[in-house]
Structure formats: structure tokens, C-alpha cells
Amino acid sequence: MRKSHPIRRVVLATAATVSGVVLLLSLKPSSDPAAASAAGAAPSAAAAGQESPQGGTGAAGATTVDGNATQTQYGVVQVRLTVANGKITQAQAIQAPKGGTSDQKTALSVPQLNKETVAAQSANIDSVSGATYTSTGYKQSLQSALDKMKEAASSSSSSGSSSGSTSGSSGSSSGSSGSSSSGSAQAQAKTVTGQVAQTQYGAVQVRITVAGGKITQAEAVQAPKGGLSDQKTALAVPQLNKEAVAAGNANIDSVSGATYTSTGYKQSLQSALDQAGG
């Protein structure tokens, strides 16, 4: 048998390799335009779904209200509310104590207070354990923001009712003017500041907001400070404020452990009520 030449084997091997490459190229699938368009549409649809991570059009028509800045022993606390359709949709602390251990306490307490505010729709929320001062300041600023929200709502409603009552006959307008004036007087709130009551540990002065002959808000614009007085004031004043609103007069109980502050508070409260005619 004749022995095959080496060059011939190389030529045959090369031809076989070329044939295999050509066969593989002929089997490559053609691109599908429909599949390509579908692949491009999927990311765009996902992007469209992520345009409103805060809840779509929930923020439409919402307003923000900032409460008063409240000074605590460790820093200032101030609350901002987002209100839509008469309800609190978001609460946040735009100011809170910072530095040292305050950073940790703020990080733990503020998110919880924000959630409780939205859930309760009021300032009647629990203080966070271990962050009493921050919680107290938060609730005071929150209450002032709620008061501002109510005042804005009452002023808008009273302006709408007064504009509607102007249409009509002259006889009915005179009668309606009397009723609207009495109604607006009840809706319109006024603030009265009592006289300064001097105590053994410092001055106490109370300011009340009166609407419709009732106390709608009470706050101490002055209170004893320094040393143990800071702690006693932080514990006593919020309780005295609540009792003043609930009782509608100065016949409220003194806070245990803060007798001097309570006595001065009631004296200033009574003078404010006398000025308000209550």
C-alpha cells in the first residue's frame, strides 16, 4: 500500500477546518426585531413604574406646616407636617438634638415619633423611652403645628361662609350678619398671656389660646431653668398644659415633685383667664 504524503495530509486537514467554520457560520440564528423591541420595552416600563417612589400622586394638593422650635435641655426640636385632605400624611423633625449621645437618641426616637404622629393624627403620642426631652420637645412643636393647621382651616372655612352669606335680601342680610359675626367670633381664636408669677426657683408665665370661650391651647412661655429645674419643668409643664385645656380653668392639680412650678403656673394661668374674661 502506498504511504500518504505529509503535505497531502496537511492540505486535507486545512480543507476540513474551513468547511467546518463555514458550516457553523451558516447555522447562526438571525436576529429577531420583535424580540429586540420587547427587550428594549421592558426596561422603559420598569423605569416608568419607578417614577413615583413616594406613592404616585399622593403629594398632589398637599401643604406643609412647621411647628414652633422648642428648646430642650439637649437642643432644639422642630416638627414639620405634610397635610393633604385634612390628614397628616408625613411628619419629620427638621431640627433635633445633635452631638454625643444625642445623635444616637435622635436616630432612635425621631423615626418612631414620626410614625406615631401619622398614625394618631394628633400630638397624643407616647414618649420614647430613653429620649424623654426629645419626645417632649417633639410633641410641643407638633402641637403648635397642629394648631396652625386648624387655624388655617378655620379661617378658610369662615371666609367661604361669610362670602356666601352676603348674597340675599337686605332684611335677611342683617340677620345673617349678626349670626355670622357671632360665629366668626367663636371661630376666631385669641391668645392671652398671664402675668409673671415669681417662684423660689424662677419665673413662670402662661400663655393660653381661647376660642369659643374655651381654652384650646396652653403653654408656659417662662419656666424655671438650670440644674434640676430643667428636669422638673420638662416633666411638669406638659402635664399642666394638658390639664389646663381639659379643665378650662385654673383649678388643676399640682404635679408631684414640682410644687413651686405648679403654683406659679396656676397663678399665671388664672391671670390669663381673668384677662380673657373666663
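Refer to the structure above for everything that follows.
Residues numbered from 1 in each chain as written. Predicted model: local features only at pLDDT ≥ 70, side-chain atom pairs only at ≥ 80, totals over all residues. Heavy atoms only, no water.

Another aspect to go through is the environment of Q78. Residue position: Q78 is located in strand β3 (residues 75-84). Separated by 11 residues in the primary sequence, Q78 and G67 have C-alpha atoms spaced 6.1 Å apart. With residues up to four places along the chain from it excluded, the contact list for Q78 reads D66, G67, N68, A69, Q92, A93, I94, Q95 and S141. Side-chain polar atoms of Q78 contact the side chain of Q95, separated by 2.7 Å. (Helix = DSSP H or I, 4+ residues; strand = E, 2+ residues; numbered from the N terminus. Contact = heavy atoms within 4.5 Å. Polar contact = N/O pair within 3.5 Å; in protein donor to acceptor, adjacent residues only side chain to side chain.)

Although it is not a glycine, N85 adopts a positive phi angle of roughly 55 degrees. One can find N85 in the loop between β3 and β4 (87-95). We classify N85 as exposed; its relative accessible area is 81%. Even without being a glycine, Q121 presents a positive backbone phi close to 60 degrees. Judged by relative accessible area, which is 32%, Q121 ranks as partly exposed. (Buried < 20%, exposed > 50% of the residue type's maximum accessible area, 1.4 Å probe, protein only.)

Further remarks concern the pairing of β4. In this structure, β3 lies alongside β4, joined through 7 bridges in antiparallel fashion. Residue pairing across strands places Q78 opposite Q95, the latter belonging to β4. (Pairing = 2+ DSSP bridges.)

Before going further, it helps to examine the environment of I88. As for its placement among the helices and strands, I88 is situated in strand β4. When its relative accessible area of 4% is taken as the criterion, I88 is described as buried. When the C-alpha positions of I88 and T63 are compared, they lie 9.8 Å apart, and in sequence the two are 25 residues distant. Those residues in contact with I88 that sit more than four places away from it in its chain are L81, T82, T117, V118, Q121 and L146.

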